[in-house]
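In case you want the letters, here they are:
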Amino acid sequence: MTGRGWVMLGLDLKRVAAFVRGADTEDLLDRVTVYRGGMEPAALDLMEAELDRRGVTRSDIADHHITRRATAIMLPDGTAQRCHFCSRPAVVRGWGWHRLFGRVPIVPWVFACCDSHRSRPRANPDEPAGSG
Ligand SMILES: [Zn+2]
């Protein structure tokens, strides 16, 4: 026990604050909406304050949430599934190969992709391209 009464365990607010300052607005919007269920309340406060500082209104946040929920793959816990290749919400699932060292196909795998990665030309022909 410290003399201050309580200690936040597992969340370094200085690191979170540094991340929040450098994050894209779209990333922050995703975190306070479709990823909200997986966020620490103190981190959410920092993100919402940063969005406010950037001029993003509560209405903008609500609009982003509606748009994302309409397209993202939502999980049973109420959060969105993340893209296999980035942190954006996935909008489509498809089969591909999980590869050893990125080269040797090992096992068929279901990949979830965001809007960017579903339409991006594929470096790996076994990566999913969309709904098929
Ligand atoms: Zn992606």
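Note that this is a predicted model, so its numbers are computed, not measured.

What counts and how
Residues numbered from 1 in each chain as written. Predicted model: local features only at pLDDT ≥ 70, side-chain atom pairs only at ≥ 80, totals over all residues. Helix = DSSP H or I, 4+ residues; strand = E, 2+ residues; numbered from the N terminus. Buried ≥ 20, exposed ≤ 12 C-beta atoms within 10 Å, placed from the backbone. Contact = placed C-beta atoms within 7 Å. Core = buried A, V, L, I, M, F, W, Y, C linked by C-beta atoms within 7 Å. Axes fitted to C-alpha atoms, helices over the stretch in contact; angles between N-to-C directions. Parallel < 35°, antiparallel > 145°, perpendicular 65-115°, else oblique. Left-handed = near helix turned anticlockwise from the far one by under 90°. Nonpolar A, V, L, I, M, F, W, Y, C, P; charged D, E, K, R; others polar. Expected span 1.5 Å × (residues − 1). Pairing = 2+ DSSP bridges. pLDDT = per-residue confidence, 0-100.

Glancing now at the overall build of the chain. Broken down by element type, the chain carries five helices and two strands. What you see in the chain, going N to C, is helices and strands ordered as α-α-α-α-β-β-α. Within the chain, the fraction of its 132 residues that count as buried is 22%. Partitioning the contacts of the chain with sequence separation of at least 6, the portion at a separation of at least 24 is 53%.

Core analysis: the biggest nonpolar cluster contains eleven residues, these being Val 34, Ala 72, Ala 80, Cys 83, Ala 90, Val 91, Val 92, Phe 111, Ala 112, Cys 113 and Cys 114. For this core, the leading source of residues is strand S2 (residues 104-113), giving three residues. Membership of the second largest hydrophobic core comes to six residues, among which are Val 20, Leu 29, Val 32 and Met 47.

Once that is clear, we can look at the packing of helix H1 (residues 13-22) against helix H3 (residues 41-53). Axis separation between H1 and H3 bottoms out at 10 Å; the angle between their running directions is 30 degrees. As the angle between them shows, H1 and H3 are arranged roughly parallel. Here the hand of the crossing between H1 and H3 comes out right-handed. Here Leu 13, Val 16, Ala 17, Val 20 and Arg 21 of H1 lie close against H3, whose contacting residues are Ala 42, Ala 43, Leu 46, Met 47 and Glu 50. Classifying every residue of the contact of H1 with H3 gives eight nonpolar, no polar and two charged.

Take H3 next. Compared with the 18 Å implied by 1.5 Å per residue over 13 residues, the 18 Å span of H3 between its first and last C-alpha is a close match. Phi turns positive one or two residues past the end of H3, at Gly 55, with a value near 85 degrees.

What follows covers the pairing of S2. The sheet contact formed by strand S1 (residues 92-100) and S2 spans nine bridges and is antiparallel. Its bridge partner lying in S2, Leu 100 is registered against Val 104. Here S1 folds back onto S2 in antiparallel fashion, the turn holding three residues, of which Phe 101 has a positive phi close to 55 degrees.

Moving on, we get to the confidence of the model for the chain. Here the chain shows a mean pLDDT of 85. Residues at 70 or above account for 83%. In the model, residues 1-7 has pLDDT below 50 throughout and makes one contact with residues more than four positions away in sequence or in other chains.

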